[in-house]
Amino acid sequence: MPSVTDILKTMEYGPAPEASGEVMEWLKERKSFGHFINGAFVKPSKSFATANPATGETLAKAAQGTASDVGAAVKAARAALPGWSKHTGHERAKWLYAIARHIQKRERFLAVLETLDNGKPIRESRDIDVPLVARHFYHHAGWAEMLEDEFPGTKPVGVCGQIIPWNFPLLMLAWKVAPALAAGNTVVLKPAEYTPLTALAFAEICAEIGLPKGVVNIVTGGGETGAALVASAVDKIAFTGSTEVGRAIRKATAGTGKKLTLELGGKSPFIVFADADIDGAVEGVVDAIWFNQGQVCCAGSRILVQESVAGAFQKRLMARLAKLRVGDPLDKSTDVGAIVDPVQLRAIRDLVARGEAEGAVLHQSETQLPPKGCFFAPGFFTNVAPANIVSEVEIFGPVATLTTFRTPDEAVELANNTRYGLAASIWSENVNLALDIASKVKAGVIWVNSTNIFDAGAGFGGYRESGFGREGGREGMREYLSEPSRRAKPEAEPGRLDAAPVPGLPSKGGAPIDRTAKMYIGGAQKRPDSGYSYAVVAKGHEIGLAGLGNRKDIRNAVEAAHKAGGWGKATGHNRAQVLYYIAENLSARQAEFTRRLKDAGVTKAADEVDASIRRAFYYAAQADKFDGAVHATKSAHVTLAMPEAFGVMGIACPDDAPLLGFLSLVLPTIAMGNRVVAIPASSMPLAATDLYQVFDTSDLPDGVVNIVTGAKDELAKTLAAHDDVAAMWYCGGPEGAKMTEAESAGNLKVTWTFPNHDWHGANGQGRDFLLRATQVKNIWVPYGE
């Protein structure tokens, strides 16, 4: 045994093992776990083994869930829903508080169990994961208590199906279960096949505190079990996992009416500017990519360093890499533990080998790996081409890429050169520069001079193919609540949009001068690419012709909308001014629009024009007042929740209220800074096309509003499938809604589908439209000493 003098000379770490006897005894007593359904564990019919990734030794067996098991769990959750949702918020708060307290009392037990099952270092499960689990249940006990005051008029979604990953098993459970219970929902949760044990221990905690039967149900199993849960009679699916599986879930839930949140993959940039604290940034890399063996969806896996400091940064990063300790996850001195499973280890090795084969240079820790278990030495790539697979694909292991940039604009371009948009980390001592870059990077979470900081009080979630919806904070609570449903109203039947002449169809008022409405694209009237128009008919009379739009018209409109990006940078006041001008110019032509709506067969034409003017005033008023929040999270930080425009949105309007319905959907989106491609009512598009001159005289920039007339569902399908459209609203029947949601899976755009309703009533406008026209970016900024 070395002496104290020898230790002080070498400063080597000695062994510091965490005792696991209590946990191993608990596993030995149980041996095999069944599903937790209706407050009790059921005897498993078929089981699978779960192993310690650091040793390969089997820890226990868990039940392999079937569709029948999922059905039983959903049935139990459904039966428990009325009682649980009728509890007062205070009653539910007491249950969540009890869960939080019991988790705290068993923090060490849960931390050791998590490390054994997952392979993460005990320091991470003990000091980060489990305390955050308790924090989430405490935080959401507060939301349960405040629910009626903070979310008036809302109701629980119902039975929630929740599918969680293996990288943060217990923490992901807390992220999903806590808000669901606080809102009055019941839950069927499927933990990851590799790491079911802390979820099953949580089930015992639920039983221990006497949580009402059926409120929480846990069904274990593999991908087939998850697919059965997605297909079951639940009201919501919340999924955290890969983008590929998330895309399949989006398609599977299309048209079902199930609420959906997806927290998916990432390829997050870690941007280091020349004026950054280099030592701090190097330590940030440790937390960004080598934390949890790099098995983190928001890992800072793309390190971007300003060219002037890249040499010094890489030298210090190599020195820090050499000091990382890889080994027994239960040793309190271990920095990097075990990869979760041999399957994942092979995937990491394969991607790293492909990256090297494509020309990247791997710099890897030379630490001695344990002789058995799923271990991979941490490292990073240099000389990485943008097309190299490791630049594009999520490795989900302890390996990053390091590339350089010269200017802030180049840094932004590189950061956004990905299909993902989950998180980003920005390092600079210049607060102006850091916040400027934060506003330009397309990601749902931004950390300034920090990384991988989480708290229950702040929302977490991504942009683009990193998914949609938020978990945590006020935004996360909203995902588990439903607004009062709008009463559906029948639409007009558009009929066949025939490009051929219609003999015998009289024109309104005899022989008027021909009236053919064109498309409105990029601020100019454009003929349809097809060269075809169709007759617009009202009360048996032809009242004009409208262009029959096609895919190319949609493409041109989307391109025009992207060129109008300056609209999103305008202040809320400037956007409000334009909306007020729209109201002013519409008011000046009120008699003309009233007459034309009467010609189109609208019975309350004057009321519709008047309501349209009021709607423009309403959203002009909201343009500079719909703002974000400052979340109370960690000490020494302020977390800004900033609502941001999606960018380019598609809108399919109802075949009803041709002026009011159109403006009720277009105005809230542009008030928030979006640009839109709108499909007006197919049966009566002329009210929308008559707005061309109103827009032109209201200082609305070219390309902010683009109008493509024609067959709604055909054009909506093209918009929903378009990869350069970030969000899509569809107002119409169930088949069109299903089509829109299914086609949106390509780039996982956010969709809102809903039936036509009374646009004159209270449901015709409101904050809900503004919430759905924005996505929240949470920016973590250092605050205080």
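Okay, so let's go over this structure. Throughout, residues of each chain are indexed from 1 in the direction in which the sequence is written. Per-residue local features are limited, in this predicted model, to residues with pLDDT of at least 70; the limit for side-chain atom pairs, both in listing and counting, is 80 or more; totals at the level of whole chains, interfaces and linings are taken over all residues. To obtain the side-chain values, all non-hydrogen atoms of the structure were used and water was disregarded.

A few words on the nonpolar core. Buried residues of nine kinds, namely Ala, Val, Leu, Ile, Met, Phe, Trp, Tyr and Cys, make up a nonpolar core once their side-chain atoms join them within 4.5 Å. Buried, partly exposed and exposed residues are distinguished by accessible area as a fraction of the type maximum, computed with a 1.4 Å probe on protein chains only: under 20%, between the cut-offs, and over 50%, respectively. Within the largest apolar cluster, 113 residues are counted, with the highest numbers of intra-cluster contacts made by Ile 103, Phe 137, Phe 202, Trp 290 and Phe 313. Residue ranges for the domains trace back to a domain assignment, done automatically or taken from a database. If you count residues domain by domain, this core takes at least three from each of domain 1 (38-49 + 61-226) and domain 2 (268-477). The contact rule is simple, with two residues in contact once any of their heavy atoms fall within 4.5 Å. Leave out the neighbours within four places in its chain, and Phe 137 touches Leu 96, Ile 99, Ala 100, Ile 103, Leu 173, Ala 174, Val 177, Ala 178 and Phe 202. With 57 residues, the next largest nonpolar core counts Leu 579, Ala 623, Val 666 and Leu 700 among its residues.

The next thing to look at is the sheet that holds strand E5 (residues 58-63). Pairing within the open sheet is mixed, and its three strands lie in the order E1-E5-E4. Looking along the sheet, the strands with just one partner apiece sit at the ends: strand E1 (32-33) and strand E4 (47-51). Inspection of the sheet shows E1 paired to E5 by two bridges, in the parallel sense. Within E5, the residue paired with Ser 32 across the bridge is Lys 61. A pair of strands counts as paired when DSSP detects no fewer than two bridges linking them. Helix and strand labels come from DSSP, where a helix needs a run of H or I of at least four residues and a strand needs a run of E of at least two; each type is numbered from the N terminus.

Think of a sheet as strands paired side by side through backbone hydrogen bonds, with each pair either parallel or antiparallel. Reading across the sheet, the 10 strands line up as E14-E15-E16-E13-E12-E17-E18-E33-E27-E26 and stay open at both edges, with mixed pairing between neighbours. Each end of this open sheet is capped by a strand with a single partner; those strands are strand E14 (361-364) and strand E26 (629-631). When strand polarity is set aside, the average angle formed by the axes of neighbouring strands in this sheet is 25 degrees. By the bridge criterion, three bridges tie strand E12 (residues 269-272) to strand E17 (residues 423-427) in an arrangement that is parallel. The residue bridging Val 272 from the neighbouring strand is Trp 427, located in E17. Only the stretch in contact is used when fitting a helix axis, every axis being a line fitted to C-alpha atoms; angles between N-to-C directions are given from 0 to 180 degrees. Its contacts with the sheet place helix H12 (residues 310-323) against E12, strand E13 (302-306), E14, strand E15 (379-382) and strand E16 (399-405), and it is angled at close to 155 degrees to E15.

When two rings of Phe, Tyr or Trp (its six-membered ring) have centres within 6.5 Å they constitute a pair, described as stacked for plane angles under 30 degrees, edge-to-face for angles over 60, and tilted for the intermediate range. Scanning all chains against the criterion turns up 24 aromatic pairs. Seen from their ring centres, Phe 36 and Phe 41 are 5.2 Å apart, and the 55 degrees between their planes marks the pair as tilted. For Phe 36, a relative accessible area of 3% gives the class buried. The interplanar angle of 75 degrees and the centroid separation of 5.3 Å between the aromatic rings of Trp 752 and Phe 769 together place this pair among those described as edge-to-face. Here Phe 769 lies in helix H28 (residues 767-772) and Trp 752 lies in strand E32 (residues 750-754), a separation of 17 residues in the sequence. By relative accessible area, which is 6% here, Trp 752 ends up buried. Aromatic rings pair up to connect Trp 729, Trp 752, Phe 754, Trp 759 and Phe 769 into one cluster. A positively charged side chain is recorded as over a ring if its NZ (Lys) or CZ (Arg) lies within 6 Å of the ring centre. The angle to the ring normal must also be within 35 degrees. Lys 236 extends its terminal NZ or CZ atom over the ring of Tyr 480, reaching a point 4.8 Å from the ring centre. Positioned over the ring face of Tyr 730 is Lys 712, at 5.0 Å from the centre of the ring.

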